[in-house]
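Residues per chain, in single letters:
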Amino acid sequence: MEKLIFEISSPGRKGYSLPKLDVPDADIKSLIPQECLRKDGPDLPEVSELDCVRHFTRLSQLNYSIDTNFYPLGSCTMKYNPKINEKMASLPQFTGLHPYQPETSVQGMLEVLYETEQALCKICGMDAFTLQPAAGAHGELTGMLIVRAYHTSKGNARKKVIIPDSAHGTNPASAALCGYEVVTVKSDKAGRIDLEALKSVMSEEVAVLMLTNPNTLGLFEKNVKEIADIVHKAGALLYLDGANLNALLGVARPGDMGFDVCHVNLHKTFSTPHGGGGPGAGPVGVKAILADFLPIPRIKQKRNKLSFDYDAKKSIGRVRAFYGNTGVIIKAYCYMRSLGADGLKDATLEAVLNANYLKAKLKKDYMLAVDGEPCMHEFVLTGKDKKEFGVKTLDIAKRLLDYGYYAPTVYFPLIVEEAIMIEPTETESKETLDAFAETMIKIAAEARSDPLLLTGAPHITPVRRLDEVLAARELNLRWKKPGA
Amino acid sequence: MKYSPHTDKDKKEMLAAIGAASPEDLFGAIPKEFRLQKLDLPEGISELELKKLIFEKTGKNYSTQKLDSFLGGGAYEHYIPQAVESLISRGEFLTAYTPYQAEASQGTLQAIYEYQSLICELTGMDVANASMYDGASALAEAVMLAVRETGRNRVIFSSSLHPEYRQVMKTYFEGYKIEFVEIPHAGGLFDEAALKREANDSTACVIVQNPNFFGCIEKADKIEAICHSCGALLIACVNPVSLGILKAPGGYNADIAVGEGQPLGIPLSFGGPYLGFFAVKEKHMRKMPGRVAGMTKDIEGKRGFVLTMQAREQHIRREKATSNICSNEGLMALAACVHLSLLGKEGMKEVARQNVLKSHYLKDKILKLSGFELMFEAPFFNEFVVRCGKETDKITGDLLKHGMIGGLPLGRFRADMKNCMLICVTETKSKDDLDRFAELLGKH
Ligand SMILES: Cc1ncc(COP(=O)(O)O)c(C=O)c1O
């Protein structure tokens, strides 16, 4: 067990150095009234640099990560994060730029942003992109605000947003945050929208349908054209949750399928690392009819110079301060340039190849949520047939950790009982997939022969199975000084 | 460059195992009419060519590491110890996902717990979350909490609030019937008399930014008294570095403390990725947005950490969640965690002191120049507004020629501040830098 940073603190120890104060010293109270000052300094730890380095290095070693383990987390596209992209994004001529520097002094940065917008337009078949949103869900909110602004400009903001029951939780949460009422529409066993069900909830009250395509079962929404027609006929818009764009690069474009707005996740499809939960970036693309509503500022090109345009007449405004997670965007830009047109398409072809290969290897020992058609970049299993041995999906997931694999996404999508959602991504080799499949098959055998091995898993991780109920019942969310 | 490892032989064997003739066969579900012939993008390039391409771009940037910058206004240049970058670039942190499988993510989870603890110490609040996107969106979500908690719809703030934060807040609430009351500042500060008139029993919250956009330190105690006397929540939006010496939000009884965590070990990076921090009094914690890590035990009684209080979140509550946030700014929170650990109790105090002393030194120097006056008499932390005799754009243009980025021209935010500049000084500037800056300004 690694101690807390507070537990290795010792009064008087220092892990920093500062230049000596070279301006005249003074009593701070002579400059700032005493009632504005704090009485005691914040109770922060006092550690040496080495203590600190060892502490966080040891913590890092408790993690599974792409750099160390296969990470088949469905819906998250955990592909390799190229090292060169990290290096390029960390160049001081990028990281040292203040957001309010004169535009003439940041032309190279603006070029990267501008070209990224253009490339995303071409990949998605959209007319304009904003890079402002900080993550997928932030992109969804931005998209919903654009939808609202569009309908408001037509005289009626409308009230409802339709979302399939197979959608990610952020979809309904984003629609609700934007003040919309969420209408859930049932999907079939394959996670595809039931056209009749859709028609029955469609009305002039509906602002937008939020669709994920390929859907969260890893299947393409074949009826997307019919869906778009139904939606557009009612004057509503079609939104794409682009979390699964890794299945479409160079193969098909959301804009061509009738989507009016979409977000993409640079931290999934475009290989920027997740950082243990961010930072990501969730750029939003729109068709020309919606371009005026995009957040400000927009990047404009004029006589070979790039600048920000703050004209806000129709814009929804801002969804964050400054311009976006530019440090993330640079990495995605590097990725797109490195792979290029053919490389991006190959990435998609091989991501889909990998998913289908793994699915073929597992389908004898696990039940597929949907059988009888190829999947796209990911597929979903159900662990329900293992229940008879007293084993749940959670137990299978935990047992995988013992074998050195991060677990797939579990219990999502909600429409699949005991779901196990597997997304291998294109950067994994056949050998890795073979070894993983073998392990999964072994675990299926263990479920039968020795279920306790699974229900007691994990056995060899830094900690054994953790008590979430205890955590929720006796909340301990921060360190407190003993006696305080 | 290509990062997928498959050889032709691999592909053949894999296709055979699937029972498909070609990878294209797997895309049968996509109607033909939507199939793309070819992406209209340049061909891929090698790593060497990529480097050259990026160096061409960076060659067109003038970074603050080369130029002396006096810009602040929500993004601050502070010295970041090397260990911060070295630690957060470790692949085990960098390339992990949100810690869904706790047993395989203890490093990330313990770091989040430590980060939450550090933010609580710094802000004087009870509970902090694992991070928000940035300071501005954190503020918008704080207002959301206040509106839901109180069931009221009036939101009061001063015109001394960062203009981009105000914009973000208004954007977030487009679909709500919220009455935003912006009180014109009085001498750079929240106008208490006006606040007394405006605060009433339909007020959900009062937002105090401290130090505010003009750098001035607010009389937070006075604002708190007025705010709480009408039952509204007090939201403090603070600069975390200032808390090395300034009274913490908990010290003036704020209900919610939010702010931009960038000054805690995160590079300027042209505005992102940054870090929204979010902390509350215990009574509001179940309405808090975002992920939270908590301590627990494993089946052998060993200490460990998990994500907890998840019943607030979108993956469980969907449209009834407290927020839609999923991915946050995890790695940036880790940077802040390492940074605060290295600086520690004394370091945070010393950095804050140097910021005060150096900014006041420059202020005194500038006031001795003719043609420059201080806009506001209020006390300040590390930035202050000066009114210049000339158009600020002229001055900053000239300064740039001398390798300096002047203060932030405020005309772009407010018509009544056309000749004003917000000047920020941190510990990164030496006395010589400040003297040289004042000397150059003096030529205007
Ligand atoms: C299908 C889907 N939609 C939306 C999201 C939300 O994206 P983010 O975490 O970047 O906000 C995710 C990722 O978790 C997802 O898988």
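### Description of the overall build of chain A
Logical step 1: When helices and strands are counted, chain A shows 13 helices and 13 strands.
Logical step 2: Taken against the 2.2 N^0.38 rule, which gives 23 Å for 484 residues, the C-alpha radius of gyration of chain A at 25 Å falls within 12% of a compact globule.
Logical step 3: With the principal axes as the frame, chain A shows a C-alpha extent of 75 × 65 × 45 Å.
Logical step 4: Here chain A holds 484 residues, and 67% of them are scored as buried.
Logical step 5: Residue pairs in contact within chain A that sit at least 24 positions apart in sequence constitute 71% of those at least 6 positions apart.
Logical step 6: Summing over all exposed atoms, chain A offers an accessible surface of approximately 16,100 Å²; the carbon and sulfur share of this is 49%.
Logical step 7: Of the side-chain charges in chain A, 59 are positive and 59 negative, and the distance between the mean point of each set is 2 Å.

### Some thoughts on the interface of chain B and chain A
When the parts of a complex come together, some accessible area is lost, and that lost area is often used as the size of the interface.
Logical step 1: Taken together, the contact between chain B and chain A spans 185 residues of the former and 202 residues of the latter.
Logical step 2: Across the interface of chain B and chain A, roughly 17,100 Å² is buried in total on both sides, 64% from carbon and sulfur atoms.
Logical step 3: Area buried by chain B at its contact with chain A is led by Tyr3, Glu103 and Phe270 of chain B, which between them contribute 6% of it.
Logical step 4: Linking chain B to chain A there are 18 salt bridges.
Logical step 5: The shortest N-O distance in the salt bridge between Glu111 of chain A and Lys60 of chain B comes to 2.7 Å.
Logical step 6: At the surface where chain B touches chain A, the tally comes to 103 residue pairs in polar contact (both at pLDDT 80 or more).
Logical step 7: For the side of chain B that touches chain A, the leading source of residues is helix H11 (residues 330-367) of chain B, giving 25 residues.

### A few points about unusual backbone geometry
Logical step 1: Across the junction of Ile296 of chain A and Pro297 of chain A, the peptide omega takes the value -5 degrees, indicating a cis bond.
Logical step 2: When you line up the elements, Pro297 of chain A lands in the loop between strand S7 (284-286) and strand S8 (298-302).
Logical step 3: For the bond running from Gly272 of chain B to Pro273 of chain B, omega is 5 degrees, close enough to zero to count as cis.
Logical step 4: The phi angle at Ser75 of chain A is positive, at roughly 75 degrees, despite the residue not being glycine.
Logical step 5: Turning to its location among the elements, Ser75 of chain A is positioned in the loop between helix H1 (49-60) and helix H2 (83-89).
Logical step 6: For Glu418 of chain A, which is not glycine, the phi torsion reads 50 degrees and is therefore positive.
Logical step 7: On the secondary structure map, Glu418 of chain A appears in the loop between strand S12 (409-410) and strand S13 (419-422).

### Describing the sheet that holds strand S11 (residues 379-382) of chain A
Within a sheet, adjacent strands bond to each other through the backbone by hydrogen bonds, running parallel or antiparallel.
Residues and elements named next belong to chain A.
Logical step 1: Spatial ordering of the open sheet is given by S10-S11-S13-S12, a layout of 4 strands whose pairing is antiparallel. Either end of the sheet is taken by a strand with one partner, and the two such strands are strand S10 (367-368) and S12.
Logical step 2: Pairing of S11 with S13, which is carried by 4 bridges, proceeds in the antiparallel orientation. What sits directly across from Leu381, in S13, is Ile420.

### Remarks on the domain arrangement of chain A
Residues and elements named next belong to chain A.
Logical step 1: Here chain A is partitioned into domain 1 (5-60), domain 2 (84-338) and domain 3 (343-470).
Logical step 2: Using only C-alpha atoms to locate each centre, domain 2 and domain 3 end up separated by 30 Å.
Logical step 3: On the side of domain 3, 22 residues touch domain 2, which itself brings 28 residues to the contact.
Logical step 4: Here domain 2 and domain 3 share an interface that buries about 1,900 Å² over both sides, 65% of which is from carbon and sulfur atoms.
Logical step 5: The largest share of the area that domain 2 buries against domain 3 comes from Thr216, Leu217 and Asn246, three residues that together contribute 28% of it.
Logical step 6: For the interface between domain 2 and domain 3, the tally reads 1 salt bridge.
Logical step 7: One salt bridge connects Glu373 with Arg192, and the closest N-O pair in it is separated by 2.9 Å.
Logical step 8: At the boundary of domain 2 and domain 3, one finds 7 residue pairs in polar contact (both at pLDDT 80 or more).
Logical step 9: Considering only residue class, the side of domain 2 that touches domain 3 consists of 13 nonpolar, 10 polar and 5 charged.

### A few points about the site of the ligand
Logical step 1: Near the ligand there are 15 residues, and of these Ser75, Asp241, His267 and Lys268 of chain A together with Ser327 of chain B occur at the shortest range.
Logical step 2: Those residues lying near the ligand are distributed over chains A and B.
Logical step 3: Backbone polar atom of Gly136 of chain A to an oxygen atom of the ligand: 2.7 Å apart, as the coordinates give it.
Logical step 4: Backbone polar atom of Ala137 of chain A to an oxygen atom of the ligand: 2.7 Å apart, as the coordinates give it.
Logical step 5: Computed on the free molecule, the ligand has an accessible area of 390 Å², of which 99% lies beneath the protein chains in the complex.
Logical step 6: Broken down by element, the shell around the ligand gets its largest block of residues, 3 residues, from helix H5 (residues 136-153) of chain A.
Logical step 7: Its residues assigned to classes, the shell around the ligand shows 5 nonpolar, 7 polar and 3 charged.

### Focus: the pattern of salt bridges
Logical step 1: Using the criterion set out here, one finds 60 salt bridges over all chains in the structure.
Logical step 2: Here Lys225 of chain A and Asp229 of chain A are joined by a salt bridge, their closest N and O atoms 4.0 Å apart. Highlighted residues: Lys225 of chain A and Asp229 of chain A, both in helix H8 (residues 224-233), separated by 4 residues, approximately one helical turn.
Logical step 3: You can call Lys225 of chain A partly exposed: its relative accessible area is 35%.
Logical step 4: Overall, Asp229 of chain A belongs to the partly exposed group, its relative accessible area being 41%.
Logical step 5: Residues joined in a network through salt bridges with shared partners are Glu111, Glu115 and Arg337 of chain A together with Lys57 and Lys60 of chain B.

### A look at the domain arrangement of chain B
All names here are of chain B.
Logical step 1: By domain assignment, chain B separates into domain 1 (68-79 + 345-442) and domain 2 (82-339).
Logical step 2: The centre of domain 1, based on its C-alpha atoms, is set 27 Å off from the matching centre of domain 2.
Logical step 3: Facing the 28 residues of domain 1 at the interface are 29 residues of domain 2.
Logical step 4: Summed over both partners, the interface of domain 1 with domain 2 comes to about 2,200 Å²; 70% of that surface belongs to carbon and sulfur atoms.
Logical step 5: The largest per-residue losses of area from domain 1 upon contact with domain 2 belong to Met348, Phe376 and Phe381, which jointly make up 26% of the total buried on that side.

### Digging into helix H1 (residues 8-18) of chain B
Residues spaced three or four apart along an α-helix face the same direction, because each turn holds 3.6 residues.
Logical step 1: Along H1 of chain B, the positions that sit buried rather than exposed are Asp10, Met14 and Leu15 of chain B. One side of H1 of chain B carries all its buried residues, which in axial view fall inside an arc of 125 degrees. Turned more than 90 degrees off the buried face of H1 of chain B, the exposed positions are Asp8, Lys9, Lys12 and Ala16 of chain B.
Logical step 2: Close packing links the buried residues of H1 of chain B with helix H9 (326-362) and helix H11 (430-449) of chain A.
Logical step 3: Of the residues flanking the end of H1 of chain B, it is Gly19 of chain B, one or two places downstream, whose phi is positive at about 90 degrees.

Reading the values: rules and limits
- Residues numbered from 1 in each chain as written.
- Chains lettered and ligands numbered in written order.
- Predicted model: local features only at pLDDT ≥ 70, side-chain atom pairs only at ≥ 80, totals over all residues.
- Heavy atoms only, no water.
- Helix = DSSP H or I, 4+ residues; strand = E, 2+ residues; numbered from the N terminus.
- Rg over C-alpha atoms; globule rule 2.2 N^0.38 Å.
- Buried < 20%, exposed > 50% of the residue type's maximum accessible area, 1.4 Å probe, protein only.
- Contact = heavy atoms within 4.5 Å.
- Areas by Shrake-Rupley, 256 points an atom, 1.4 Å probe, with all protein chains shown as cover.
- Lys, Arg positive; Asp, Glu negative; His and termini not counted.
- Charge placed at Lys NZ, Arg CZ, Asp CG, Glu CD.
- Buried area = accessible area lost by both parts, 1.4 Å probe.
- Salt bridge = Lys/Arg side-chain N within 4 Å of Asp/Glu carboxyl O.
- Polar contact = N/O pair within 3.5 Å; in protein donor to acceptor, adjacent residues only side chain to side chain.
- Pairing = 2+ DSSP bridges.
- Domains from an automatic or database assignment.
- Nonpolar A, V, L, I, M, F, W, Y, C, P; charged D, E, K, R; others polar.
- Near = heavy atom within 4 Å.
- Arc of directions from axis to C-beta.

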